[in-house]
Amino acid sequence: MSVRTQGTTLFTAILILVGTTVVVQLWLLTVSTEALLIGQVKTLVPAAVGSSVLLLINACLLRYVSRFDRDVERE
Amino acid sequence: MTNETKECASCNKTPKWKQDFPIEWEGDHYVTRREMVKFMTLGSLLLAGANWIAAIAGQLLHRGSKAERDIGAVSALERTGSLLFRYPTDQDPCIAVRTPDGKLVAYSQVCTHLSCAVVYDKADNALVCPCHHGVFNIYEGSPVAGPPTRPLPRIKLEQRGDRLFATELEA
């Protein structure tokens, strides 16, 4: 399997993973907005922390993609 | 000679569409996926930011929900069976009720279905929303009939002599 084909497969998997986390983040934002409107303040901070953790995962995956590209260019 | 040079220069010039998108056909899938990951991570950043804005707004908006407020005389409540007041701000209507077994309870008057004002029904000993016939349990504020699915926010009360004080909003 060529590096390019491997890269395409890998990026597809990463894209699916990032897409899933973004959908979870959207759900968290929906829950937070509803909680804010009905005054359930206790829900808001844990939801924001959860969303930040998902952002961190996405950032790590993006960093991995950039490193992969750099390595391929070097080779 | 001059004309030929001009023609050659225009021939070798890269077309504008290729300058805007300098990707070969075989590399197209590879690049679009990578760009999509970047775009979605940016979206993820915006969503996390929006979540934090909601959390901060929640803290700021409900900062005054523990402030004490004099809501009226106990004697007025005994006369009518229920007392309307505003808590924690002047825009939040609430209702205090003396139950038949002598318990003092208070809830937000805003129905959790479509925000109509709930009223005390003495005969059924329940809080009733006249708009869509939603019924709430008087002791817990939980919905027992009709379209509402969420309980009414409860307000803690304190009796000091003949005066009643709202002390905290419990979501």
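What you see is a predicted model, and the numbers here were worked out from it, not measured in a lab. (Residues numbered from 1 in each chain as written. Chains lettered and ligands numbered in written order. Predicted model: local features only at pLDDT ≥ 70, side-chain atom pairs only at ≥ 80, totals over all residues. Heavy atoms only, no water.)

1. Some details on the overall build of chain A
Thinking step 1. Along its length, chain A carries 2 helices and 0 strands.
Thinking step 2. Residue burial in chain A is summarised as follows: out of 75 residues, 35% are buried.
Thinking step 3. Taking all contacts inside chain A whose residues are at least 6 apart in sequence as the whole, residues at least 24 apart take part in 73%.
Thinking step 4. Counting only carbon and sulfur atoms, one obtains 68% of the accessible surface of chain A, whose full area is about 4600 Å². (Helix = DSSP H or I, 4+ residues; strand = E, 2+ residues; numbered from the N terminus. Buried < 20%, exposed > 50% of the residue type's maximum accessible area, 1.4 Å probe, protein only. Contact = heavy atoms within 4.5 Å. Areas by Shrake-Rupley, 256 points an atom, 1.4 Å probe, with all protein chains shown as cover.)

2. Description of the confidence of the model for chain B
Thinking step 1. Scored by pLDDT, chain B comes out at a mean of 84, with 85% of its residues at no less than 70.
Thinking step 2. Ranking the elements of chain B by mean pLDDT puts helix 1 (residues 2-12) of chain B last with 52 and strand 7 (residues 134-137) of chain B first with 95. (pLDDT = per-residue confidence, 0-100.)

3. Observations regarding the pattern of salt bridges
Side chains bearing opposite charge may pair, as long as their charged atoms lie close to each other.
All names here are of chain B.
Thinking step 1. One pass over the structure, following the stated rule, counts 8 salt bridges over all chains.
Thinking step 2. Residues Glu168 and Lys156 are paired through a salt bridge, measuring 3.7 Å at the closest nitrogen-oxygen approach. In this pair, Glu168 sits in strand 10 (residues 163-170) while Lys156 sits in strand 9 (residues 154-160), placing the two residues 12 residues apart along the sequence.
Thinking step 3. Classification of Glu168 by relative accessible area gives partly exposed; the value is 22%.
Thinking step 4. Among the ionic pairs, Glu158 bridges to Arg160, the shortest N-O distance being 2.9 Å.
Thinking step 5. For Glu158, a relative accessible area of 36% gives the class partly exposed.
Thinking step 6. One connected set of salt bridges, linked through shared partners, spans Glu68, Glu158 and Arg160. (Salt bridge = Lys/Arg side-chain N within 4 Å of Asp/Glu carboxyl O.)

4. Some thoughts on the packing of aromatic side chains
Residues and elements named next belong to chain A.
Thinking step 1. Following the criterion strictly, the structure yields 2 aromatic pairs over all chains and no others.
Thinking step 2. Ring centres of Phe11 and Phe68 lie 5.6 Å apart, and the angle between their planes is 70°; this geometry places the pair in the edge-to-face category. A residue pair is termed long-range when its members are at least 10 positions apart, and Phe11 in helix 1 (residues 3-38) and Phe68 in helix 2 (residues 44-74) qualify at 57 residues. We note that Phe11, like Phe68, is buried.
Thinking step 3. Taking the centre distance of 6.5 Å and the plane angle of 40° together, the rings of Tyr64 and Phe68 count as tilted. Residue Tyr64 and its partner Phe68 are located together in helix 2, separated by 4 residues, close to a single helical turn.
Thinking step 4. Overall, Tyr64 belongs to the partly exposed group, its relative accessible area being 42%. (Phe/Tyr/Trp six-rings, centres within 6.5 Å; stacked < 30°, edge-to-face > 60°.)

5. Points about the interface of chain B and chain A
When the parts of a complex come together, some accessible area is lost, and that lost area is often used as the size of the interface.
Thinking step 1. Across the boundary between the two partners, chain B contributes 25 residues, which contact 37 residues of chain A.
Thinking step 2. Where chain B abuts chain A, roughly 2800 Å² becomes buried across the two surfaces, and 73% of that area is made up of carbon and sulfur atoms.
Thinking step 3. On inspection of chain B and its partner chain A, the count reaches 1 salt bridge.
Thinking step 4. For Glu34 of chain A, the salt bridge identified is with Arg150 of chain B, shortest N-O distance 3.2 Å.
Thinking step 5. Where chain B packs against chain A, one counts 6 residue pairs in polar contact (both at pLDDT 80 or more).
Thinking step 6. Of the residues assigned to the side of chain B that touches chain A, the class counts are 14 nonpolar, 7 polar and 4 charged. (Buried area = accessible area lost by both parts, 1.4 Å probe. Polar contact = N/O pair within 3.5 Å; in protein donor to acceptor, adjacent residues only side chain to side chain. Nonpolar A, V, L, I, M, F, W, Y, C, P; charged D, E, K, R; others polar.)

6. Details of the state of the cysteines
Residue and element names in this part refer to chain B.
Thinking step 1. By the definition in use, this model includes 1 disulfide over all chains.
Thinking step 2. A disulfide bridge connects Cys116 with Cys131, and the sulfur atoms are separated by 2.1 Å. Judged by the torsion about the S-S bond (-100°), the Cys116/Cys131 disulfide is left-handed. One end of the pair, Cys116, is in the loop between strand 4 (104-108) and strand 5 (119-121); the other, Cys131, is in the loop between strand 6 (126-129) and strand 7, with 15 residues separating them in the sequence.
Thinking step 3. On the basis of relative accessibility, which here comes to 17%, the residue Cys116 falls in the buried class.
Thinking step 4. Looking at Cys131, the relative accessible area reads 39%, which means it is partly exposed.
Thinking step 5. Cys111 provides the cysteine sulfur closest to Cys129, a residue in no disulfide bond, and the two sulfurs are 3.8 Å apart. (Disulfide = S-S within 2.5 Å.)

7. Here's the deal with the pairing of strand 2 (residues 82-86) of chain B
The side chains of a regular strand alternate between the sheet's two faces.
Residues and elements named next belong to chain B.
Thinking step 1. Alternating positions in strand 2 separate cleanly, Leu83 and Phe85 being buried on one face and Ser82, Leu84 and Arg86 remaining unburied on the opposite face.
Thinking step 2. With 5 bridges joining them, strand 2 and strand 3 (residues 93-98) adopt antiparallel strand pairing. Looking across to strand 3, one finds that Leu83 is bridged to Ala96. (Pairing = 2+ DSSP bridges.)

8. Examining a nonpolar patch on the surface
Thinking step 1. Together, Val45, Val49, Val53 and Ile57 of chain A together with Trp52, Ile56 and Leu60 of chain B give the surface a local cluster of nonpolar side chains, amounting to about 570 Å² of exposed area.
Thinking step 2. Where the nonpolar patch is concerned, the elements lending two or more residues are helix 2 of chain A together with helix 3 (28-61) of chain B.
Thinking step 3. The dominant element in the nonpolar patch, judged by the number of residues it contributes, is helix 2 of chain A, at 4 residues.
Thinking step 4. As for its placement among the helices and strands, Val49 of chain A is situated in helix 2.
Thinking step 5. A relative accessible area of 39% places Val49 of chain A in the partly exposed class. (Patch = residues over 30% accessible without salt bridge, like charges linked within 9 Å, V, L, I, M, F, W, Y side chains within 5 Å.)

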